[in-house]
Structures are given as structure tokens and as C-alpha cells.
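Spelled out from the first residue to the last, the chains are:
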Amino acid sequence: MSFRKNLTALVASTAISLGAATAGTARASNITYDSGGSPIERQSEEMPAWENITRMNTPRISLAGATDNNGFIYALGGIGGGLRRLSSVEKYNPETNTWEFVAPMETPRAWFNAINVDGFIYAVGGSHSSGSQIGSIERYNPYNDTWKTSKHELNLPRNELGLAKGVDNKIYAIGGTIDASGEKTSTVEVFDTHNPSLGWQLLPHSLSSPRTFLGAGTDKLGRIYAIGGLENSNTVERFDPSNP
């Protein structure tokens with residue numbers, strides 16, 4: 001029986017549900033795209049039924065999804081044939097219904113998360129083919145089609161994490177799995193994209209309990225949410241950065 005572990009942001013402007021198992025969704029304009037199977041499907045307000053669209057060039061699971069500020073949708077990394085981790089990235093153009101390869105990530109990764117901040121796409125964490133966790137973060141510039149890996153890594157390398165963007169354009173890496181045995185963490189780390197030299201800072205306030213495969217998002221007041229996850233499937237926590 002197939003299953004889905006949705007990592008859904010609360011704010012729809014760049015809300016992404018990432019492919020933690022075999023599925024992922026992304027939203028561009030008023031259209032929602034679902035990569036939960038093959039082929040890709042989409043649904044819009046004007047088009048209530050789902051329709052098949054062009055397939056990706058590379059079948060992949062455990063991928064991350066993101067949109068840029070121009071409405072293009074990106075399928076990043078994941079697991080391909082032979083259970084190998086992928087570095088390849090594909091961009092979907094909703095106007096032409098076509099996928100094209102763009103520059104690959106510098107690190108192959110799966111079970112990670114990605115988010116758009118200021119038009120740049122950040123890929124955070126994940127796992128190597130060996131199963132070990134990844135601590136690196138890299139940023140994609142869609143305007144010149146390049147990736148750059150930050151010299152600042154997560155304090156706790158993690159996969160299966162939640163990711164949220166604060167109203168101050170800080171990235172919150174929430175929970176996740178921190179070793180091959182499946183140990184979960186309640187820690188939260190923050191990365192200031194406008195002051196990257198500070199690196200990742202451990203938030204003094206951890207989640208009330210460890211969780212992985214969680215959803216994360218930000219509401220219009222800037223509050224950060226941690227939603228569901230393994231062993232916490234119906235619980236929700238909220239953090240207000242303006243009132244720590």
C-alpha cells in the first residue's frame with residue numbers, strides 16, 4: 001500500500017509539499033501540481049478535474065519541490081534507479097507544459113527539503129546514498145542557473161526535516177532524523193539569508209517532542225508551525241519569533 005508524507009506549508013504563495021516517500025506537490029499561480037505518481041497531474045480553479053501533463057525526464061522519489069518567483073516549478077534530487085541519490089534538477093514551464101534539466105545540485109541528496117527565499121531556492125539537509133545525514137545547504141540562482149554551497153552547515157545534519165521561511169527571510173530547519181538508527185530530534189536551527197556569515201544558529205526553544213516527516217509553514221503574522229510527523233501525526237506546535 002502506497003503512502004504519502006506531506007510536508008505542506010501553510011502559505012500558498014510558495015507552498016510546497018515535498019516528496020518524503022513517493023509524492024510531492026507544488027503550487028504555481030492558481031494551479032497545483034502533484035508528482036505523487038507517474039505521470040504528473042495538475043488541477044486549477046478553472047479546471048476542477050485532474051489532468052495528466054508531461055512526465056519528468058527522470059523518475060524520482062523522496063525528492064524536494066519548489067517554485068521560483070516566475071512561477072516555474074522545480075523537482076530537485078531524490079532517489080532514482082538503483083536507489084542512488086540524485087543531484088539532477090528539472091524545471092517545469094506551465095505555459096509550454098515542458099520539463100528541462102537545469103544545473104544539478106553540487107551534492108546528490110534525498111529526503112531533504114527546499115524553499116524559496118527572495119527568489120533563490122535553498123536545498124537543506126537530506127541523506128547520502130550511504131544513508132548518512134547531510135548538513136550542507138546550497139542555493140540555486142534561477143537567473144544564471146548556478147548552485148552555490150554555503151560554507152556554513154547545519155549544527156545537526158538531518159534529513160526528513162521541516163522547513164519554513166520567516167517573515168524576516170530566515171530559514172527554520174525543524175526536527176528531522178539525525179542518524180542512521182532513525183533517531184529523531186526536537187531541535188530547530190535558524191539561518192539568516194540576509195546575514196549568512198552568522199551560519200546556522202540553534203534556536204533556544206526546541207519542539208516539545210522530537211518529530212520527523214513533519215510539515216512546516218508560516219502564517220501571515222510570521223508565526224512558525226510544526227505540523228504532524230511520525231509519532232506526532234495529529235499534533236501541531238507554533239512558535240512566534242517576535243515573542244520568543
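Residues numbered from 1 in each chain as written. Predicted model: local features only at pLDDT ≥ 70, side-chain atom pairs only at ≥ 80, totals over all residues. Heavy atoms only, no water.

A.B. asks: What exactly am I supposed to notice about the overall build of the protein chain here?
C.D. replies: Counting its regular elements, the protein chain contains zero helices and 20 strands. A separation threshold of at least 6 residues defines the contact pool for the protein chain, and within that pool the share at least 24 residues apart is 43%. (Helix = DSSP H or I, 4+ residues; strand = E, 2+ residues; numbered from the N terminus. Contact = heavy atoms within 4.5 Å.)

A.B. asks: Please clarify how the environment of N243 should be interpreted in this entry.
C.D. replies: For N243, the location among the structural elements is in the segment after β20 (236–239). Classification of N243 by relative accessible area gives exposed; the value is 61%. (Buried < 20%, exposed > 50% of the residue type's maximum accessible area, 1.4 Å probe, protein only.)

A.B. asks: So what exactly am I meant to see when it comes to the nonpolar core here?
C.D. replies: Proteins that are soluble and globular tend to have nonpolar side chains buried together. Y74, L76, V89, M105, I121, Y140 and W147 are the most contacted members of the largest nonpolar core, which has 14 residues in total. Only β6 (64–67), β7 (73–76) and β11 (120–124) provide two or more residues apiece to this core. Sequence-distant contacts of I121, that is, excluding residues within four places in its chain, are made with A66, T67, Y74, L76, A114, I115, N116, E138, R139, Y140 and W147. If you look at the next biggest cluster of nonpolar residues, it comprises 13 residues, including V117, V124, L163 and I171. (Core = buried A, V, L, I, M, F, W, Y, C linked by side-chain atoms within 4.5 Å.)

A.B. asks: Mind showing me how you'd approach the sheet that holds strand β8 (residues 89–93) here?
C.D. replies: Strand pairing in a sheet relies on backbone hydrogen bonds. The paired strands run either parallel or antiparallel. Taken in spatial order, the four strands of this open sheet run β6-β7-β8-β9, and their pairing is antiparallel. Of all the strands in the sheet, just β6 and β9 (98–102) have a single pairing partner and so form its edges. Here the strands of the sheet are splayed against their neighbours by 25° on average, with no regard to which way each runs. Sheet analysis places β8 next to β9, joined by five bridges and oriented antiparallel. Bridged to K91 within β9 is E100. (Pairing = 2+ DSSP bridges. Axes fitted to C-alpha atoms, helices over the stretch in contact; angles between N-to-C directions.)

A.B. asks: I'm lost on the environment of E100 in this one. Help?
C.D. replies: Here E100 is to be found in strand β9. The exposure class of E100 is partly exposed, given its relative accessible area of 42%. In sequence terms E100 and V89 are eleven residues apart; their C-alpha atoms lie 8.5 Å from each other. The contacts of E100, once residues within four sequence positions are left out, are N57, V89, E90 and K91.

A.B. asks: Is there a simple way to explain the pairing of strand β15 (residues 170–174) in this structure?
C.D. replies: Consecutive side chains along a regular strand alternate between the two faces of the sheet. β15 sits mainly inside the fold: four of its five residues count as buried. The pairing of strand β14 (residues 162–165) with β15 spans four bridges and is classified as antiparallel. Across the sheet, the residue bridging to L163 is A173, located in β15. Taking the residues between adjacent antiparallel strands as the criterion, β14 and β15 are bridged by four residues, where N169 takes a positive phi near 65°. As paired strands, β15 and strand β16 (residues 188–192) are joined by five bridges and run antiparallel to one another. Opposite A173, over in β16, you have E189 as the bridge partner.

A.B. asks: Whenever I open this one, the sheet that holds strand β12 (residues 137–141) confuses me. Can you help?
C.D. replies: Overall, antiparallel pairing links the four strands, which are arranged β10-β11-β12-β13 in an open sheet. The open sheet has two free edges, formed respectively by β10 (113–117) and β13 (146–149), since each of these has just one partner strand. Adjacent strand axes in the sheet meet at a mean angle of 25°, parallel and antiparallel pairs treated alike. Examined bridge by bridge, β12 and β13 share four bridges and lie antiparallel to one another. The residue of β13 that forms the bridge with E138 is T149.

A.B. asks: Honestly, the side chain of N159 in this entry has me stumped. Any pointers?
C.D. replies: Relative to the assigned elements, N159 resides in the loop between β13 and β14. Accessibility expressed as a relative area gives 5% for N159, which makes it buried. Reaching out from N159, the side chain makes a polar contact with the side chain of Q133 at a distance of 3.3 Å. With residues near it in sequence (within four places) discarded, N159 still touches W111, G126, S127, Q133, G176, T177 and T212. (Polar contact = N/O pair within 3.5 Å; in protein donor to acceptor, adjacent residues only side chain to side chain.)

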